[in-house]
Structure formats: C-alpha cells, structure tokens
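# Breakdown of the fold
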Amino acid sequence: FFFNDTATTEIYTEQIVGSVRCVQETAVKPSLDLVCVIDISGSMSGNKLQLVKDSLQELVKLLSEKDRIAIVTFCHYAKRILKLTRVTKANLPEIQKVISSMQSEGATSINSGMQKAFKILNERRYKNQVTSIFLLSDGLDQPAYSQVPATVEQESKKIESYNIHSFGYGNDHDPQPVSYTHLRAHETGRNLVCRLLLEKKK
C-alpha cells in the first residue's frame, strides 16, 4: 500500500486494519502473531510518523486477547521496543504507551528491522495460528534493494508459514526496497478476501 502526504489518519487506518482482517479471515478467527516493523529514521519525522502512531493505536484495538503483537523500530539500527505481547485489557495501556513513545532519529536500514522481526519469530516457544509482519516505511534506503530480498529468502526457510504486508508513506516514498510483497484482493459481497504472495525480487 502507498499513501501520499495528503492521506488522512482514517485512510491509513482503514488500509492497515483491513490487512489485519485479511490475514484473520476464516470462519473461526485464528490467533495472530504480528510483528510491526516501524521506520523511525529522520525521513519519517513529523506527519509520517504521527500517522503511523495513529494507525497502530487503532490497529491494537482490533486485535483480540488471544493475539500477540511485537514492535520493532529501525533507523540505522533496529531495536525491539515491545516483546511479543498478548493484547489483553491489562496489557493494552503499555502497548499504547510504547507506540506513543516512538521518536524519529538517524539514517535508514530496513534490512536491520526485518532481521530483528525474523529473530523474534524464530525465537518463539509458542506459535499462534497466523504469523504476519507489517513493514511501515517510506522506503528511502538504497542498500535495501538487495539486502531485504536476501533476508526474506533466507528466513523463509526457517518459518513454515507467514505473510508480509508493506505500507509506504509519503509522496517521496520509494516502493522498490519493499517490492517483494504483492497483495491480490477481490471482493465477494461484503467480504474482502485477501491472499498475500511472496515475490522474489528479480
């Protein structure tokens, strides 16, 4: 997904929340392990990062108590700011506090964020039924063109089943570093059915 600088919080939220619904769409809602990988580099400062925060605050309200969320931020280095945490009423205030605390800094290394996300997933002792990574970035990172596809290909051998959704922010957004994700969607009545396909970058 790509959002320009005039996009409202409602537009960002609708797309991100819609992606959660897509990965959970079954007769019986499956439990979800979700790792959000957030670009906090200097180019994301101001409106971009605020829109990310607003959207994530709405996203966590959608998750159920059997779902778990982790948050990784990256600039020129990556950091796990929230371990994989069950989204219970008791934990929600802390999750919201962590989201609000994000501040922009430094350069951009998308690959370091993705590596940290995969590390979290690989170290799980318990796994929920669905595994997803949400990458939120403006994509302004030239080395990621080669680094990220290589990381995804390597880590795909270790995780049995997962999907990635990428969200691009700003008029200056560069889709190339995150072009290994491709979303196909179609509507049947009121139900949006989504299938996320992993594409190896050529």
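Everything numeric here is computed off the predicted structure, so don't read it as measured data. (Residues numbered from 1 in each chain as written. Predicted model: local features only at pLDDT ≥ 70, side-chain atom pairs only at ≥ 80, totals over all residues. Heavy atoms only, no water.)

### Observations regarding the environment of L121
Relative to the helices and strands, L121 is located in helix α4 (residues 110-122). Here the alpha-carbon distance between L121 and D33, two residues 88 residues apart in the chain, equals 8.4 Å. Ignoring any residue separated from it by four or fewer positions in sequence, one finds L121 in contact with V35, T131, I133 and I159. (Helix = DSSP H or I, 4+ residues; strand = E, 2+ residues; numbered from the N terminus. Contact = heavy atoms within 4.5 Å.)

### Concerning the packing of aromatic side chains
Applying the stated criterion to the full structure yields one aromatic pair. Judged by centre distance (5.6 Å) and plane angle (85 degrees), the ring pair of F118 and Y162 falls under edge-to-face. With F118 in helix α4 and Y162 in the loop between α5 (144-156) and β6 (163-169), this residue pair connects regions lying 44 residues apart in the sequence. Each member of the pair, F118 as well as Y162, is classed as buried. (Phe/Tyr/Trp six-rings, centres within 6.5 Å; stacked < 30°, edge-to-face > 60°. Buried < 20%, exposed > 50% of the residue type's maximum accessible area, 1.4 Å probe, protein only.)

### Quick word on helix α2 (residues 47-62)
For α2, spanning 16 residues, the distance from its first C-alpha to its last is 23 Å, which sits close to the expected 22 Å at 1.5 Å a residue. Among the residues of α2, those classed as buried are K48, L49, L51, V52, K53, S55, L56, Q57, L59 and V60. (Expected span 1.5 Å × (residues − 1).)

### Considerations on helix α3 (residues 92-100)
Taken together, the buried positions of α3 are occupied by I95, V98 and I99. Taken end-on, α3 shows its buried residues confined to a sector of 100 degrees, consistent with a single buried face. Summarising the contacts, the buried residues of α3 are in contact with α2, β3 (68-74) and β4 (78-86). (Arc of directions from axis to C-beta.)

### What to know about the confidence of the model for the protein
Scored by pLDDT, the protein comes out at a mean of 77, with 70% of its residues at no less than 70. A low-confidence stretch, residues 1-7 stays under pLDDT 50, and its non-local contacts, those more than four residues away or across chains, total 27 contacts. Here residues 179-202 scores under 50 on pLDDT; set against residues more than four positions off or in separate chains, the count is 47 contacts. (pLDDT = per-residue confidence, 0-100.)

### Structural notes on the pattern of salt bridges
All chains considered together, the criterion is met by six salt bridges. For D33, the salt bridge goes to R124, with nearest N and O atoms at 2.9 Å. In this pair, D33 is assigned in strand β2 (residues 32-39) and R124 in the loop between α4 and β5 (130-137), connecting sequence segments 91 residues apart. The same class applies to D33 as to R124, namely buried. The shortest N-O distance in the salt bridge between E155 and K158 comes to 3.5 Å. When its relative accessible area of 11% is taken as the criterion, E155 is described as buried. Each member of the salt-bridge network shares a partner with another, and the members are D33, R68 and R124. (Salt bridge = Lys/Arg side-chain N within 4 Å of Asp/Glu carboxyl O.)

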